[in-house]
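Fold and geometry: a report
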Amino acid sequence: MENVLIVGAGPVGLMLACELSLAGVRPIVLDRHPEIGDLPKANGLVGQIVETLDHRGLLERFSAGSPYSGPAPGFPFASVPLRFEGVPGIPLRVLVIQQPRLERLLDERARELGADIRRGCEVLALAQDEEGVTLTTGQGELRARYAVGCDGGHSLVRAAAGIGFPGDTDTERLIIGHFRTDAREAGVEPGWTRSPHGRVLLNSLRPGVLVAGIRERGAPLQGPVTLEMFQAALRRHLGRELPLGEPIWLSSTVAQARLAERYRAGRVFLAGDAAHLFPAGGSALNAGMTDAVNLGWKLAAVLRGRVPEELLDTYEAERRPAGARTLTQARAQAAVDRVDGEDGAALRELLGEVFAFEEPVRHLAGLLYDSGVRYDPGAADAHPTVGRLVPDLELADGRRVAELLRSGRPVLLDLGGGTDGLPADDDWIEVVHAAAERPPADTLLIRPDGYVAWTGAAGLAGAAGRWFGAVTRSRA
């Protein structure tokens, strides 16, 4: 029997494969497509997942050749811009990378770590019992202790596990096009244009490529979108054609707002679009890949016998509220964007005035970064950092905290508080003795996903036992 079967080799499934493999569990990843697609369905990563790539030592590799990787100078909330220049405490970072390249790099990394990725293998059915999960594929049956559905909004895994997916389907369609043209030379100004028929967004995320999106009422277009259809839609909204150049990718879709009723059913888990669909805001990859990082270390710890299976309950307890909160802000963005006419113009003008103040900007940037949800700190008087991503302190020896998380192991960072109460025979939690200017606490117990599990001088053994089971240690 295998340990974990992952259905879907998109960014979420591949990130989960990387995390499991890093922790010593070799998953099998199944995908019905014979090879990685070349459609740029997403154009970058925004939010906490950029920090996580840094934690794993992958950010430099993934940002090589990127048009931009670094702090976000701003970000649109609906069609109202947020501007971050001069506002302290904004955590939001951006990595511009198209989905095909992202998937290739994640595939490459997962294989380096030993994951078994099987493309062209379609899953037809799923059944589970007390001992494991059986997947029926076009190439036979596979059985494992756990299965994870990373197979998108139309997830077979979710349906077979009997998990509901309530929500709404938008009344507008989105027509998307990527074109080989220099926006500046073509005289195309980036930004939104509104008409009585809908909205047009023009943007360029990399030189020589124009991205155009058209929102208008109606069902998805039947059949493939053609250049002629796209130009006709532009004429409806702009009253003219644009020098779009050669199309790279044309598509039509309808946004949905949905959240799975559960993220777990027995031995079956959901992550990414199989668990949530957002109607706006560019948060899908951040939320989905963060799901994978949260679930990965917990599944590996259970499978390696380090912790009781009850730890897996914390996946839904932590990630579903984060998904719900992200859905709330995405619904709000979609609603702001949909209001037409003078009412819409007034709403967006007033929001633009509100967004000129630091506190609203900082709050919304936090929502875009990690949904604004704090994981259960375990105590009402817990330190403010507990339940949140660890700050990337620079240590006195020149290292950053992010560099301590490369191995995917828990880290006990002793900044002067000591390690009393931690058994001396631990071989999983890595202990680092260091110094830092103005640390948030004297001691930080950091989970493999980068979240702070505990701080302080008392209760270390209990916190380590709660999260990491039988505690064993090696010193660094």
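Note: the structure precedes this text.
Before going into details, it helps to say that this report is about the structure given with it. (Residues numbered from 1 in each chain as written. Predicted model: local features only at pLDDT ≥ 70, side-chain atom pairs only at ≥ 80, totals over all residues. Heavy atoms only, no water.)

Topic: the overall build of the protein
Note the threshold: Under the scheme used here, helices are H or I runs from DSSP no shorter than 4 residues and strands are E runs no shorter than 2 residues, and both carry numbers assigned from the N terminus. Both definitions apply: the radius of gyration is a C-alpha atom measure, and the globule rule equals 2.2 Å times residues to the power 0.38. Contact between two residues is taken to exist if any of their heavy atoms lie within 4.5 Å; hydrogens are not considered. His is not counted, nor are the chain ends; Lys and Arg add positive charge and Asp and Glu add negative charge. By convention, the point assigned to a charge is CZ for Arg, NZ for Lys, CD for Glu and CG for Asp.
Secondary structure assignment for the protein yields eleven helices and 24 strands. Scaling as 2.2 N^0.38, a compact globule of 476 residues should have a C-alpha radius of gyration of about 23 Å, and the protein matches this with 23 Å. Each principal axis of the C-alpha atoms in the protein carries an extent, and together these give about 75 × 55 × 40 Å. The long-range share in the protein, meaning contacts at least 24 apart out of those at least 6 apart in sequence, stands at 70%. For the protein, the distance from the average site of its 52 positive side-chain charges to the average site of its 62 negative ones is 2 Å.

Side note on the sheet that holds strand β15 (residues 209-217)
Applied cut-off: Pairing between strands requires that DSSP locate at least two bridges from one strand to the other. Every axis in this analysis is a line fitted to C-alpha atoms, fitted for helices over the stretch in contact. Angles between the N-to-C directions lie between 0 and 180 degrees.
The strand order across the open sheet built from six strands is β13-β14-β15-β12-β16-β19, with neighbouring strands paired in antiparallel fashion. In the strand order of this sheet, the two ends are held by β13 (191-195) and β19 (276-277), each with one partner. Inspection of the sheet shows β13 paired to strand β14 (residues 198-206) by five bridges, in the antiparallel sense. Each bridged residue has a counterpart across the sheet, and for S195 the counterpart in β14 is G198. Set on the sheet, helix α8 (residues 313-338) makes contact with β12 (167-180), β13, β14, β15, β16 (246-259) and β19; between it and β16 the angle comes to about 115°.

A look at empty space enclosed by the protein
Let me state the cut-off plainly: Whether a set of points on the 1 Å grid over the protein atoms alone is a cavity depends on a 1.4 Å probe fitting there but being unable to get out, while an open set qualifies as a pocket with protein on both sides within 12 Å along at least five of seven lines; lining residues are those with an atom within 4 Å of a point. Grid points are joined across faces, edges and corners, and a volume is the space filled by probe spheres set on the points.
According to the stated counting rule, one finds five cavities of 30 Å³ or more in the structure shown. For the largest cavity, the calculated volume is near 100 Å³. In terms of lining, the largest cavity is formed by 14 residues, of which the most central are N286, A287, T326, D370 and S371. Elements represented by at least two residues in the lining of the largest cavity include exactly α7 (284-303), α8 and α10 (358-370). Residue contributions to the lining of the largest cavity peak at five residues, all from α8.

Some remarks on the packing of α8 against α10
Basically, it comes down to this: Note on terminology: angles under 35 degrees are roughly parallel, angles over 145 are roughly antiparallel, angles of 65 to 115 are roughly perpendicular, and the others are oblique. By definition, any crossing whose near helix is turned counterclockwise from its far helix by less than a right angle is left-handed, and any crossing with a clockwise turn is right-handed. Ten residues, namely Ala, Val, Leu, Ile, Met, Phe, Trp, Tyr, Cys and Pro, are considered nonpolar, four, namely Asp, Glu, Lys and Arg, are considered charged, and the remaining ones, Gly among them, are considered polar.
Relative orientation of the contacting elements α8 and α10 amounts to 120°, with a least axis distance of 9 Å. As the angle between them shows, α8 and α10 are arranged oblique. Handedness of the crossing formed by α8 with α10: left-handed. Mapping the contact onto sequence places R325, Q329 and Q333 in α8 and H363, L367 and L368 in α10. Per-class residue counts for the contact of α8 with α10 are two nonpolar, three polar and one charged.

As for the packing of helix α2 (residues 48-55) against α7
One can describe the packing of α2 onto α7 by two numbers: an axis separation of 8 Å at closest approach and a directional angle of 40°. The angle between the axes of α2 and α7 places the two elements in the oblique class. Contacts from Q48, I49 and T52 of α2 reach α7 at N286, M289, T290 and V293. Of the residues in the contact of α2 with α7, the class split is three nonpolar, four polar and no charged.

Digging into the sheet that holds strand β7 (residues 93-96)
The strand order across the open sheet formed by three strands is β3-β7-β4, and the pairing between neighbours is antiparallel. Two strands in the sheet have a free side with no partner beyond their single neighbour: β3 (44-46) and β4 (69-71). Looking at each pair of strands side by side, their axes are set apart by 15° on average, direction ignored. Both β3 and β7 contribute to a ladder of three bridges, which runs antiparallel. Bridge pairing in β7 places G44 opposite V96. Sheet contacts for α2: β3 and β7; angle to β7, the most-contacted strand, approximately 75°.

Details of the environment of I446
Counting through the fold element by element, I446 comes out in strand β22 (residues 443-446). Distance in space between the C-alpha atoms of I446 and G378 is 14 Å, their sequence separation being 68 residues. Non-local contacts of I446, meaning those with residues more than four positions away in its chain, are made with V390, V401, L405, P410, V411, L413, Y451, V452 and F468.

Notes on the pattern of salt bridges
Pairs can form between side chains of opposite charge once their charged atoms are near each other. Under the convention used in this document: By definition, a salt bridge exists where a carboxyl oxygen of Asp or Glu is found within 4 Å of a side-chain nitrogen of Lys or Arg. Only protein chains enter the accessibility calculation, which uses a 1.4 Å probe; a residue is then buried when its area is under 20% of its type maximum, exposed when over 50%, and partly exposed in between.
For the structure shown, the criterion picks out 34 salt bridges. The shortest N-O distance in the salt bridge between R399 and D397 comes to 2.9 Å. The class of R399 is partly exposed, set by a relative accessible area of 30%.

So, the layout of surface pockets
The volume enclosed by the second largest pocket comes to roughly 460 Å³. Lining of the second largest pocket is provided by 17 residues; of these, P91, Y369, D370, R388 and L389 occupy positions nearest its centre. The set of elements that each furnish at least two residues to the lining of the second largest pocket consists of α2 and α10. Counting residues per element, the lining of the second largest pocket draws most heavily on α10, which supplies four residues. Here the lining of the second largest pocket is built from residues that sort into six nonpolar, five polar and six charged.

By themselves these figures say nothing about function.
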